[in-house]
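# Examination of the molecular architecture
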Amino acid sequence: MDSLRPELIEFHGVFMSHYFTDNWENVQNFKARPDDILIATYPKAGTTWVSYILDLLYFGQTNPERQSSIPIYDRVPFLEIFVPSIDAGKDLADRLQTSPRLIKTHFPVQFVPKSFWEQNCRIVYVARNAKDNMVSYFHFDRMNNVQPEPGDWSNYFHRFMEGKTVFGSWYDHVSGWWEKKQSYSNLHYMFYEDLIEDTGREIDKLCNFLGMSPSAEEVQRVAGSVQFDNMKKNSMANYSTLPVMDFKISPFMRKGKVGDWKNHFTVAQNKEFDEDYKRKMKDPSLQFRTEI
Ligand code: A3P
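What counts as what
- Residues numbered from 1 in each chain as written.
- Predicted model: local features only at pLDDT ≥ 70, side-chain atom pairs only at ≥ 80, totals over all residues.
- UniProt positions renumbered as here; feature names shortened; annotations may be inferred.
- Helix = DSSP H or I, 4+ residues; strand = E, 2+ residues; numbered from the N terminus.
- Rg over C-alpha atoms; globule rule 2.2 N^0.38 Å.
- Buried ≥ 20, exposed ≤ 12 C-beta atoms within 10 Å, placed from the backbone.
- Contact = placed C-beta atoms within 7 Å.
- Near = placed C-beta within 6 Å.
- Nonpolar A, V, L, I, M, F, W, Y, C, P; charged D, E, K, R; others polar.
- Pairing = 2+ DSSP bridges.
- Axes fitted to C-alpha atoms, helices over the stretch in contact; angles between N-to-C directions.
- Expected span 1.5 Å × (residues − 1).
- Core = buried A, V, L, I, M, F, W, Y, C linked by C-beta atoms within 7 Å.

Going by an unreviewed UniProt entry, the protein chain carries the name Sulfotransferase and comes from Labrus bergylta. Within the UniProt record for the protein chain, the comment given under Subcellular location (unreviewed entry) is "Cytoplasm". Recorded in UniProt for the protein chain, the comment headed Sequence similarities (unreviewed entry) runs: "Belongs to the sulfotransferase 1 family."

Structural data, given as structure tokens:
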């Protein structure tokens, strides 16, 4: 499997791997429909969690057999993925029969195909604090054979701060999407930490944005189904059916916590990180919680 591991390449000013740029023209020409919903995130910010919430809200009652037969990565295609032996995300998205279509991307905002903007699609962006995001991404790169080798923790720690990870700088990603929200009203910007704090409340906000009005019982049912332990044992949600991931190294559903960074960052790393963070994150309106 190791031979699948790509190099990090610089692409239009963003560090990427060829698995997400090889299908560039087709992806850029993707024809979005007005009711498409794009779930956009920096990798490891809670994409699968929010994808599963949306899938249950839209199709949990009308199409329950979907829950036990179709893995989440087929229900919510990853638009730009182009990996041998896995269906191209763009083709999966084109073939989706659902309405709305739920589509996932990790693109920084400037890479999103223009038809999503032209069609004024609803977009849900999920952001996670940089420290936990970094830790989660490190373990993901260790276990996912289509990601570049992460190296050791100390090396990875610096690479992350330099934006040398697939999909580029976390700082640019969360800030770019935050800025977009100021001019594009169909964008709902959510935080992983808020979801951890009160999943039901965040589902309510999401429904408000989507123009849905599920009953309180339905919201609680969805919140229960997407609780970490339930998703972790659900083979349709936990990625255990995807061969490129090596669960012996680390599971996809790893810890699902706020504050796990404290088990990885040394005191010196934390100081270095915080100083660098202040220099990079200039907009006081974008705030993250690293513990709750
Ligand atoms: P950890 O590695 O910190 O455990 P993505 O889906 O964007 O790849 O994000 C994966 C991260 O979200 C993992 O973080 C995973 O455990 C966490 N996650 C997924 N589902 C979750 C849930 N239901 N509750 C809490 N965290 C969840």
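Past the structure itself, the notes keep going.
Our focus in this paragraph is the overall build of the protein chain. Counting its regular elements, the protein chain contains 14 helices and six strands. Computed over the C-alpha atoms, the radius of gyration of the protein chain is 18 Å, within 12% of the 19 Å expected from 2.2 N^0.38 for a compact globule of 292 residues. Projected onto the principal axes, the alpha-carbon positions of the protein chain cover approximately 50 × 40 × 40 Å. Looking at the 292 residues of the protein chain, the share that counts as buried comes to 39%. Taking as baseline every contact in the protein chain between residues at least 6 positions apart, the subset at least 24 positions apart corresponds to 75%.

This brings us to the site of the ligand. The environment of the ligand is formed by 19 residues, the closest being Thr-47, Thr-48, Ser-136, Arg-254 and Gly-256. Going through the elements one at a time, helix H2 (47-59), helix H7 (130-143) and helix H13 (228-232) are the ones with two or more residues in the shell around the ligand. The class makeup of the residues in the shell around the ligand is seven nonpolar, seven polar and five charged.

All right, on to the UniProt feature "domain: Sulfotransferase" (unreviewed entry) in the protein chain then. The sites that carry the UniProt feature "domain: Sulfotransferase" (unreviewed entry) are, in the present numbering, residues 34-283. This span, residues 34-283, is 47% helix and 8% strand, and a straight line between its end C-alpha atoms measures 31 Å.

Another point: the sheet that holds strand S3 (residues 37-41). The four strands are arranged S4-S3-S5-S6 in an open sheet whose pairing can be described as parallel. Pairing within the sheet leaves two strands with one partner each, and these edge strands are strand S4 (102-105) and strand S6 (187-191). Averaged over all pairs of adjacent strands, the angle between strand axes in this sheet comes to 20 degrees, irrespective of strand direction. Along the sheet, H2 contacts S3, S4, strand S5 (122-127) and S6; its crossing angle with S3, the most-contacted strand, is approximately 160 degrees.

A word on the environment of Leu-79. Mapping Leu-79 onto the fold places it in the loop between helix H4 (72-75) and helix H5 (89-95). Residue Leu-79 is classed as buried on the basis of its C-beta count, with 28 C-beta atoms lying within 10 Å. Spatially, the C-alpha atom of Leu-79 lies 26 Å from that of Lys-131, the residues being 52 residues apart in sequence. Residues in contact with Leu-79, not counting those within four places in the same chain, are Val-27, Phe-30, Gly-89, Lys-90, Ala-93, Ile-103, Lys-104 and Thr-105.

Next up on the list: the pairing of S4. What you see with S4 is no split at all: Leu-102 and Lys-104 on one side and Ile-103 and Thr-105 on the other are buried throughout. Relative to S4, S3 is paired through four bridges, and the arrangement is parallel. Note on S4: the bridge partner recorded for Ile-39 is Lys-104.

This part is about helix H11 (residues 199-210). Here H11 contains twelve residues, and its C-alpha end-to-end distance of 16 Å stays within 8% of the 16 Å for a straight helix at 1.5 Å per residue. Directly after H11, the chain includes Gly-211, whose backbone phi takes a positive value near 75 degrees.

Given a rise of 1.5 Å per residue, 13 residues ought to cover 18 Å, and the 18 Å separating the end C-alpha atoms of H2 matches this to within 8%. Along H2, ten of the 13 residues are buried, which leaves the element largely enclosed by surrounding structure.

Most of the time, phi is negative for any residue but glycine, and the peptide bond is trans. In the segment running from Ser-99 into Pro-100, the intervening peptide bond is cis, with an omega of 5 degrees. The phi dihedral of Lys-44 is positive, around 80 degrees, even though this residue is not glycine. If you trace the backbone, Lys-44 turns up in the loop between S3 and H2. For Tyr-239, which is not a glycine, the phi torsion comes out positive at approximately 65 degrees. Structurally, Tyr-239 can be placed in the loop between H13 and helix H14 (267-280).

A separate point is the environment of Arg-95. By the element assignment, Arg-95 lies in helix H5. According to the C-beta neighbour criterion, Arg-95 is exposed, with 11 such atoms within 10 Å. Here the alpha-carbon distance between Arg-95 and Gln-110, two residues 15 residues apart in the chain, equals 25 Å.

Take the nonpolar core next. A general tendency of soluble globular proteins is for nonpolar side chains to be buried together. Counting 72 residues, the largest nonpolar core has Ile-39, Ile-53, Val-124 and Tyr-125 as the members making the most contacts within it. At six residues, H2 tops the list of elements feeding residues into this core.

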